[in-house]
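Observations on the model geometry
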Amino acid sequence: MGEVIHVVQLKFKPEVDSGKIEEILASLKALKTKCVHPDTKKNYIRSIRLGRDNSPEGLQNGYTHMVISEFDSVADRDYYSMKDPVHMAVGGGLPPFIAALQVLDIEV
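Anyway, here's the lowdown on the structure attached to this text. Each chain carries its own residue numbering, running from 1 in the written order of its sequence. For this predicted model, a pLDDT threshold of at least 70 governs which residues receive local features, and a threshold of 80 or more governs which side-chain atom pairs are given and counted, while totals over whole chains, interfaces and linings are taken from all residues. Note: side-chain values were computed over all heavy atoms of the structure, leaving out hydrogens and water.

Overview of the overall build of the chain
Helix and strand content of the chain: four helices and four strands. Only runs of H or I of at least four residues qualify as helices and only runs of E of at least two qualify as strands under DSSP, and these elements are numbered from the N terminus. The order of helices and strands in the chain, counted from the N terminus, is β-α-α-β-β-α-α-β. A compact globule built from 108 residues should have a C-alpha radius of gyration of about 13 Å, and the chain, at 14 Å, falls within 12% of that. When the backbone C-alpha atoms are referred to their principal axes, the chain occupies close to 40 × 25 × 20 Å. Exposure classes here rest on a 1.4 Å probe applied to the protein chains alone. A residue is buried below 20% of its type maximum, exposed above 50%, and partly exposed in between. Scored against the burial criterion, the 108 residues of the chain give a buried share of 31%. Two residues qualify as a contact provided that any one of their heavy atoms is within 4.5 Å of a heavy atom in the partner residue. Sequence-distant contacts, at least 24 apart, represent 69% of the contacts inside the chain between residues at least 6 apart. We get accessible surface area from the Shrake-Rupley algorithm with a probe of 1.4 Å; when it comes to residues, only the shown protein chains can shield them. Accessible surface for the chain amounts to roughly 6,600 Å². Of this, 56% is attributable to carbon and sulfur atoms. When charges are counted, Lys and Arg contribute as positive and Asp and Glu as negative, whereas His and the chain ends are disregarded. Note on charges: their place is set at NZ of Lys, CZ of Arg, CG of Asp or CD of Glu. Averaging the locations of the 13 positively and 15 negatively charged side chains of the chain gives two centres separated by 4 Å. Each radius of gyration is computed over the set of C-alpha atoms, and the globule rule expresses the reference value as 2.2 Å times the number of residues to the power 0.38.

With respect to the packing of aromatic side chains
Aromatic rings from Phe, Tyr and Trp, taking only the six-membered ring of Trp, are treated as a pair when their centres fall within 6.5 Å; an angle between ring planes under 30 degrees marks them as stacked, one over 60 as edge-to-face, and anything in between as tilted. This model, assessed by the stated rule, comprises three aromatic pairs. Plain terms: the ring middles of F71 and Y80 are 5.0 Å apart, the flat faces sit at 45 degrees to each other, and that makes the pair tilted. Relative accessible area serves as the criterion here: at 1%, F71 is assigned to the buried category. Through pairs of rings, three or more aromatic residues link up here, namely Y44, F71, Y79 and Y80.

Brief notes about the layout of surface pockets
With a 1 Å grid laid over protein atoms only, a set of points is called a cavity when a 1.4 Å probe fits there but cannot get out and a pocket when it is open yet has protein on both sides within 12 Å along at least five of seven lines; lining residues have an atom within 4 Å of a point. Grid points are joined across faces, edges and corners, and a volume is the space filled by probe spheres set on the points. Counted as a void, the largest pocket has a volume near 250 Å³. Along the wall of the largest pocket there are 14 residues; nearest its centre are V8, H87, G91, L94 and L101. For the lining of the largest pocket, the secondary-structure elements that each account for two or more residues are β1 (4–12), β3 (65–71), α4 (85–92) and β4 (98–107). Ranked by the residues each element gives to the lining of the largest pocket, the list is headed by β4, at three residues. Gly counts as polar in this scheme, as do all residues outside two lists: the nonpolar Ala, Val, Leu, Ile, Met, Phe, Trp, Tyr, Cys and Pro, and the charged Asp, Glu, Lys and Arg. For the lining of the largest pocket, a count of residues per class yields ten nonpolar, four polar and no charged. Its volume calculated, the second largest pocket comes out at about 160 Å³. Taken together, the residues of the lining of the second largest pocket sort by class into three nonpolar, six polar and two charged.

Structural notes on the environment of M88
For M88, the position within the fold is in helix α4. The spatial distance from the C-alpha of M88 to the C-alpha of T64 is 22 Å, given a sequence separation of 24 residues. Sequence-distant contacts of M88, defined by excluding residues within four places in its chain, comprise Y80, S81, M82 and K83.

Right under this line is the structure:
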């Protein structure tokens with residue numbers, strides 16, 4: 001136990017074009033190499049996977065994209081979620097483009 005999977009579901013505003021969505025997804029994926037822990041001075045996000053939903057179930061409730069990040073510890077996830085300045089900057093730029101956002105984390 002102790003590892004964390006952090007899942008973010010995104011619902012983009014209808015007027016956001018595919019080019020802008022791809023730009024946003026690229027900035028989210030880049031967090032893996034841009035986020036550095038202040039204590040270790042090393043990258044601390046184990047992995048980031050993301051993409052457009054392709055579920056046939058029809059239960060997406062308008063959410064179109066998902067970002068899955070993995071962390072070695074709850075402490076790393078907490079730093080990322082609440083303090084990392086790079087993450088805060090990227091996340092702070094999302095509201096003009098996002099109709100809704102949902103986050104769920106599990107410890108594995």
